[in-house]
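Residue-level structural notes
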Amino acid sequence: METIMYEYAAERSLTNSAHIGVAASGDLELLLEPSENRSASVKIRTTANGFEDIWKAVFDRFFARYPIAVKLEINDFGATPGVVNLRLAQAMEVLEHDN
Amino acid sequence: MTTDPEIQAARRSYIELSGRERARAVLDAGTFRELVGPFDRMESPHLPLQGIVPQSDDGVIVARGAIDGEPAIVISLESKFQGGGIGEVGGAKIAGALELTLRDRENGIPTRPVLLLETGGVRLQEGNYGLLAIAEIGAAIVALRPHVPVVSVISGMIGCYGGMSICAAGLSSRLIMTRQGRLQLNGSEVIEQEAGIAELDAADKPLIWSLTGGAQRVAAGFADVLAEDDIPEIAQAIRSAFEAGAPAENRSARVEFYRGLLAAVDPRARLTPEEFRELFRRASEGSPERNEQSPPERPESRQDRREQDEAPQSAQTARTRGRIWFERLSGREDSPAAGGVPSVLCADGELDGEAARFVSVVPNPANRFERAVRGEVGLDEGWAVAQVVREAVEDDKDSDRKRAIVAIVDVPSQAYGYREELMGIHLACAAAVDAYASARLAGHPVVALIVGNAISGAFLAHGMQASRLIAFEDDDVTVQVMSKPSAARITRRTIEQLNEAAEKVPGAAYDVRSFARLGALHELLPGIDAGSPGAEDLAAVTRSVKAAIEDARKGPRDLSSRLASEAAGAGRAASIEVRRRLADQWKG
């Protein structure tokens, strides 16, 4: 298991939370909550070691598009980048739909 | 709206729902409210220490809501996380929610309990944490059933295995299954590992479904309702189960019926699932014909072969700890067999003036079921233990002072085999759980004295429902869920890796000192010569057991003392914290 952390600057605040997915084989669980300061934090725990470059690319793009002040935690069981992006899109759907 | 029947069918599939969606689907619309949900972050403290990613709800969803307008609690297991395995946190969520349901009921609040089971049993990485939680789940279900039916669903695709097949499915008042669901104590791979491929080929999926799948389990009386994989049908089956109310007699309490059924079985025959259904049907019609061809012991030829192959001790000379301590404590050396089952010893005696019934499960190389010769809790053993414990309850029912019941625990495992699964080893173990828990609730002090092995379903059945647990502090006293080779196979780790994990996580260890750190033991008794006790050893053990009996008489009749100990404060901190949060969030 590897733990990876990132910080991003944020512009938009959040009012609600979202929980998506399951830490099942090839899948991941995401928890998104409003961050108290104007920044975003990401904490990833993953079974698949050695993919830090790919995670960074995914979140650089995600936060460039959605500069939200979110506290994001991920429990990953070897999801592919495609699955990660799908789950992130679902999470945004929940956050924006509920707002 | 689509009219395509295939798409409509797919949209109604219950099996395809996540654990959380299932809970929502069986509650009245709009009433779902989750307790100790993902943002409570009550995740497993033990998985990350072993390099395994945890999940924020630990794979158990507890939801309050309504069913037909009545308050309800739905407990749903997420099979996709760790195969629905029961760890400390998830187990505490289930047990804690059932304990609060009992509190509601005792306060006149008509909360309905529903279990949506999807689990491989104890999560092996957390071992004894899961085992303790499952015992607490069983204790809560037995306490709840006089108030309200406990309704469970096994839908698949995982099914319900291990300790949960005993303490959740086996003890439930009403059990609903789909064809895709399986109900089985021992995993097929474990049976193959322990008993060989000739006993059961774990790769033969059609055979396994025909043996333990929902259609067979309902037809053979181990479950009540066969439902299609359809959300409204399953939700309706749950509602109907509550409308029907409690069964006249809970399945796990039908001792006479199942002892009669098993007596009619020829243990040499490998009955097909269809033949067993027929046997059950005939027994249900009130004609459980005893099979006169069936000898009480295995035939000579087979026994000779076993002796040549393995040269075991004979029944009478096998001086196992379970037998030795039974004889010393009860004063009986004539092997008093419980209900005609030589591997279950039972006698009444006294401990320094305290009347007690002693029960021990011991090896019998001539056991009529070949898979239970080494002292395993098998089909006959589970039901015989249930019988003798229930007899004590019945005999003392008008007495103010209930006699103590002392379970002497030296059990290597439950019996692993084809016949065992076919004929409901999970229910035989549940019967013993039910009997001990019912005795405890009736006011009998129940003490388990762990003198040797205390493993898995066998320990759940024989020992873990005790009011107080005492263990010898001894290198040969072992408490765990599964043998190391099997645990290694299932978790795809080496024995060395298992040993490493055990150093970090006391619940994953096999030694009794690690088990003591979890706080469930009333006493860890040092300095006893377990194998050849002298007079001083006997006196010390008598004093301890008697003190535990007295302590049990003073305390509540549930298992709460296991979490109230000083050791549990540290050793099972998560179990305590989960319960605290559930209680905080219960009313909403």
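Residues numbered from 1 in each chain as written. Chains lettered and ligands numbered in written order. Predicted model: local features only at pLDDT ≥ 70, side-chain atom pairs only at ≥ 80, totals over all residues. Heavy atoms only, no water.

**Digging into the overall build of chain A**
Per the secondary structure count, chain A includes two helices and six strands. Taken over C-alpha atoms, the radius of gyration comes to 12 Å for chain A, in line with the 13 Å a tight globule of 99 residues would show. Per-residue burial over chain A gives 48% buried out of 99 residues. With an accessible surface of roughly 5000 Å², chain A has 50% of that area assigned to carbon and sulfur atoms. (Helix = DSSP H or I, 4+ residues; strand = E, 2+ residues; numbered from the N terminus. Rg over C-alpha atoms; globule rule 2.2 N^0.38 Å. Buried < 20%, exposed > 50% of the residue type's maximum accessible area, 1.4 Å probe, protein only. Areas by Shrake-Rupley, 256 points an atom, 1.4 Å probe, with all protein chains shown as cover.)

**Here's the deal with the packing of helix α18 (residues 484-491) of chain B against helix α19 (residues 495-504) of chain B**
Residue and element names in this part refer to chain B. Direction vectors running N to C along α18 and α19 enclose 95°, while the axes themselves pass 9 Å from each other. Relative to α19, the element α18 is oriented roughly perpendicular. Residues Lys484, Pro485, Ala487, Ala488 and Thr491 of α18 form the contact with α19, whose own contacting residues are Ile495, Leu498 and Asn499. Here the contact of α18 with α19 is built from residues that sort into five nonpolar, two polar and one charged. (Axes fitted to C-alpha atoms, helices over the stretch in contact; angles between N-to-C directions. Parallel < 35°, antiparallel > 145°, perpendicular 65-115°, else oblique. Contact = heavy atoms within 4.5 Å. Nonpolar A, V, L, I, M, F, W, Y, C, P; charged D, E, K, R; others polar.)

**So, the pattern of salt bridges**
In this structure the tally under the stated criterion is 52 salt bridges over all chains. Between Asp27(A) and Arg87(A) there is a salt bridge, with the nearest N and O atoms lying 2.7 Å from each other. Here Asp27(A) is found in the loop between β3 (18-21) and β4 (28-34), whereas its partner Arg87(A) is found in helix α2 (residues 81-98), with 60 residues between them in sequence. Here Glu99(B) makes a salt bridge to Arg579(B), at a shortest N to O gap of 2.9 Å. Taken together, the residues span a long stretch of sequence, with Glu99(B) in helix α3 (residues 88-106) and Arg579(B) in helix α24 (residues 573-586) at a distance of 480 residues. A relative accessible area of 30% means that Glu99(B) is categorised as partly exposed. Salt bridges linked by common partners bring Asp348(B), Arg357(B), Glu391(B), Asp395(B), Asp396(B) and Arg403(B) together as one network. (Salt bridge = Lys/Arg side-chain N within 4 Å of Asp/Glu carboxyl O.)

**Some remarks on helix α21 (residues 535-554) of chain B**
The α-helix advances 3.6 residues per turn, and as a result positions three or four apart in sequence lie on the same side. For α21(B), spanning 20 residues, the distance from its first C-alpha to its last is 29 Å, which sits close to the expected 28 Å at 1.5 Å a residue. Buried residues of α21(B): Asp537(B), Leu538(B), Ala540(B), Val541(B), Thr542(B), Ser544(B), Val545(B), Lys546(B), Ala548(B), Ile549(B) and Ala552(B), and no others. (Expected span 1.5 Å × (residues − 1).)

**Some thoughts on empty space enclosed by the protein**
All names here are of chain B. A full pass over the atoms with the stated rule returns three cavities of 30 Å³ or more. Looking at the largest cavity, its volume works out to about 110 Å³. Going through the elements one at a time, α18 and α19 are the ones with two or more residues in the lining of the largest cavity. The residue inventory of the lining of the largest cavity, partitioned by class, reads eight nonpolar, two polar and one charged. (1 Å grid on protein atoms, 1.4 Å probe; cavity = no way out; pocket = protein on both sides within 12 Å on 5 of 7 lines; lining within 4 Å. Points joined across faces, edges and corners; volume = space filled by probe spheres on them.)

**Re the interface of chain A and chain B**
At the junction of the two partners, chain A supplies 19 residues and chain B supplies 17 residues. Taken together, the two surfaces of chain A and chain B that pack against each other cover about 1400 Å², and 61% of this comes from carbon and sulfur. Contact with chain B buries area across many residues of chain A, yet Met1(A), Val22(A) and Arg45(A) alone supply 33% of it, more than any other trio. Taken together, the links from chain A to chain B amount to three salt bridges. Applying the counting rule to chain A against chain B returns six residue pairs in polar contact (both at pLDDT 80 or more). For the side of chain A that touches chain B, the elements supplying multiple residues, two or more each, are β3, β4, β5 (39-46) and β6 (68-76) of chain A. (Buried area = accessible area lost by both parts, 1.4 Å probe. Polar contact = N/O pair within 3.5 Å; in protein donor to acceptor, adjacent residues only side chain to side chain.)

**Section: the domain arrangement of chain B**
All names here are of chain B. Splitting chain B by domain gives domain 1 (5-254) and domain 2 (315-583). Distance from the C-alpha centre of domain 1 to the C-alpha centre of domain 2: 25 Å. The partner domain 2 presents 66 residues to the 65 residues of domain 1 that form the contact. Contact between domain 1 and domain 2 buries roughly 5600 Å² in total, counting both sides, with carbon and sulfur atoms accounting for 66%. A per-residue breakdown of the area domain 1 buries against domain 2 is headed by Leu124, Asn128 and Leu132, which together make up 12% of the total. (Domains from an automatic or database assignment.)

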